[in-house]
Every structure is written in C-alpha cells, then in structure tokens.
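In case you want the letters, here they are:
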Amino acid sequence: MRIALFGDIHANLEALDAVLADAKKQDVTDYVCMGDVVGYNADPSACLEKVRAMNCPTVKGNHDEDTAGTHSLESMNPVAAAALEWTRLQLNAEQRQWLSRLRMVRQVSDFTVVHSTLDQPSHWNYVTNRFDAMSNFSYQFTQICFHGHTHVPRVYIKSDRVQEVFSESIVIEDGAKYFINAGSVGQPRDGDWRACYAIYDLDHKQVVFRRIEYDIETTQRKILAAGLPPMLAERIAEGR
Ligand code: ZN
C-alpha cells in the first residue's frame, strides 16, 4: 500500500494536476487529503470537484471552514480575506456544504490526519518548532499523524525527546511517534516553488517527500485575470 498525502492545495489546479500525475507514476494506491482545498488561488471550484470526485479521506482546513462560513473575515490578514471573499462567490451552496461537512480529524489505516494539530484542531495553531509539536504528541494515539497548515514540509519525532528533522525520505522506526507535515501542493512556503506532497509506503515503513514542477505561469495568469491580489501570483513563484 502506497498512500499519497496531499493538502494545502489552495485552488491551484495546475499544481494539483501535476501532483496527481506524479502520484500515479509513483504507483500510489490510495489518497488522503489534509485540507485547505480552496483559498488564495484561482481555481477553487475545479480543485474542490477534483478532490471530491476522488472520494478519499479529507480533513477540514481553516480556509475550507472560512469559505463555507458566512462570518466576517475582518480579523484575517487582508490578502487572505480578499481571496476568501472572492472564493466564497465562486462556489455554489452544495460545494460550500461539502466543505463545511469535512471532519477535523480522521484515522486512516494505522495513522491519523489533521490539518493543524491534534490538541486543539479547531484553533488552527501552527506547529513551527519542536516545542509546538510537544502538545500535539500528548493527543496523538497512532504512531504517525500527517498534517499541513504551515505549508512547510517537516518531521517531528518523539522518542525520549522531541526532535525536528527534515530529509527527503524517512524510515518509520518502532518505539517512536511521528508528526509529519507533508507540505503544500498549491502554495509552498519553504522557498521552493515546486508542489509538495508525501508518499507513505506502509509495507516498507517509509515516507518520501516529492517536489513536482508545474505550469506556474498559467496559475499566475489566472490569479491576475480573476482580480485576486497580485501578491498571490508573486508569492507562489518564490515559495513563500
Ligand atoms: Zn493552508
């Protein structure tokens, strides 16, 4: 069994298509989505329909929740709020309902999936260092939990202490717990513009991170044509 973990797609259809094509080539057998299907980029409806048609376990992200809701976005940063206002108008009631019904946490096979953290999933806290990861581990009852939200691929390992590591490929060792950020498909923020996702090979107990080039010029053109903040087109090229 080879499972693709993909999330933080953020309405970037070109990146999503490139990731799914690569996963197919990598003999992936199953798919799990870590949320934030929409928000920021210009193809929320197409990305939502694609993920929905895959019928794979999907957890809710903060942008999915904010898009599905009708509350004011005033407290949010202006660029994200402008994109969310626009995104709300692109989706029909049924699509917004699909987003609102996504669950915060799912258990799949022998692992857990959450968008942000397991200790308070609806608070959307960011795990950016090993101290943030510690509180998550108190609520993690499977050996592995995959998450997203920061858009930065990372691995937190808890054995006698918690450490933060990153390498393209990691082997899951007995006796340790793993809180793994599989990175972002549609808006990476680790300085690398290429779409990011992870493959968990259950038979070999191995997680491999993949970076995939995609047609970013088309994505940028669509962002500008939609009247979304131009900064959103710039940041995807810089991976920030
Ligand atoms: Zn996100």
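Structure shown above.
Residues numbered from 1 in each chain as written. Predicted model: local features only at pLDDT ≥ 70, side-chain atom pairs only at ≥ 80, totals over all residues. Heavy atoms only, no water.

Undergrad: So what about the overall build of the protein? Which residues, and what values?
TA: Assigned secondary structure in the protein consists of eight helices and 11 strands. Here the C-alpha atoms of the protein give a radius of gyration of 17 Å, agreeing with the 18 Å that 2.2 N^0.38 yields for 240 residues. Dimensions of the protein along its principal axes, counting C-alpha atoms only, are 50 × 35 × 30 Å. The burial tally for the protein puts 55% of its 240 residues in the buried class. (Helix = DSSP H or I, 4+ residues; strand = E, 2+ residues; numbered from the N terminus. Rg over C-alpha atoms; globule rule 2.2 N^0.38 Å. Buried < 20%, exposed > 50% of the residue type's maximum accessible area, 1.4 Å probe, protein only.)

Undergrad: So what's going on with unusual backbone geometry? Which residues, and what values?
TA: Positioned with a positive phi, H10 is a non-glycine residue whose angle comes to about 50°. For H10, the location among the structural elements is in the loop between β1 (2-6) and α1 (13-25). Assessed through its relative accessible area of 0%, H10 is described here as buried. A positive phi is found at W124, a non-glycine position, where the angle reads about 55°. Relative to the helices and strands, W124 resides in the loop between β4 (111-114) and α6 (130-137). What makes W124 buried here is its relative accessible area of 14%.

Undergrad: Tell me about the pattern of salt bridges, residues and numbers included.
TA: Within this structure, the stated rule accounts for 13 salt bridges. Among the salt bridges present, the one from R2 reaches D201, with a minimum N-O distance of 3.1 Å. With R2 in strand β1 and D201 in strand β10 (residues 195-201), this residue pair connects regions lying 199 residues apart in the sequence. On the basis of relative accessible area, D201 is assigned to the buried category, the value being 8%. (Salt bridge = Lys/Arg side-chain N within 4 Å of Asp/Glu carboxyl O.)

Undergrad: Explain the coordination of the zinc ion to me, and be specific about the residues and the numbers.
TA: Coordination of the zinc ion by the protein comes from D8 (OD), H10 (NE2), D36 (OD) and H151 (NE2), over a distance range of 2.1 to 2.3 Å. Each of the four donor atoms around the zinc ion contributes to a set of angles spanning 84 to 177°, which defines the coordination as irregular. Counting along the primary sequence, the residues that act as donors to the zinc ion give the motif D-x1-H-x25-D-x114-H. Residue H10 is found in the loop between β1 and α1, and its partner D36 is found in the loop between β2 (30-33) and α2 (44-54); the two are separated by 26 residues along the sequence. Overall, the relative accessible area of 1% leaves D36 in the buried class. (Donors = N, O, S within 2.8 Å, 3.2 Å for Na, K, Ca; no water. Tetrahedral: all angles 85-135°; square planar, octahedral: opposite > 155°, others 65-115°.)

Undergrad: Can you explain the pairing of β1? Please cite residues and give values.
TA: Along β1, four of the five residues are buried, which leaves the element largely enclosed by surrounding structure. The pairing of β1 with β10 spans four bridges and is antiparallel. Paired with L5 across the two strands is A198, which belongs to β10. The pairing of β1 with β2 spans four bridges and is classified as parallel. In the sheet register, A4 faces β2, and the bridge partner there is Y31. Traced from β1 through α1 to β2, the parallel crossover comes out right-handed. (Pairing = 2+ DSSP bridges. Right-handed = clockwise from strand over helix to strand, strands pointing away.)

Undergrad: Outline the sheet that holds strand β6 (residues 154-158), listing residues and values.
TA: In space, the six strands of this open sheet follow the order β3-β4-β5-β9-β6-β7, with mixed pairing throughout. A single partner strand is all that each edge strand has here, and the edge strands are β3 (105-108) and β7 (162-165). For this sheet the average axis-to-axis angle between neighbouring strands, irrespective of direction, equals 20°. Along the sheet, α6 contacts β6, β7 and β9 (177-181); its crossing angle with β7, the most-contacted strand, is approximately 125°. (Axes fitted to C-alpha atoms, helices over the stretch in contact; angles between N-to-C directions. Contact = heavy atoms within 4.5 Å.)

Undergrad: Outline the side chain of T142, listing residues and values.
TA: Among the secondary structure elements, T142 is positioned in the loop between α6 and β5 (144-147). Given a relative accessible area of 9%, T142 falls into the buried group. Other than its neighbours up to four places away in sequence, T142 contacts Q107, D110, F111, T112 and K177.

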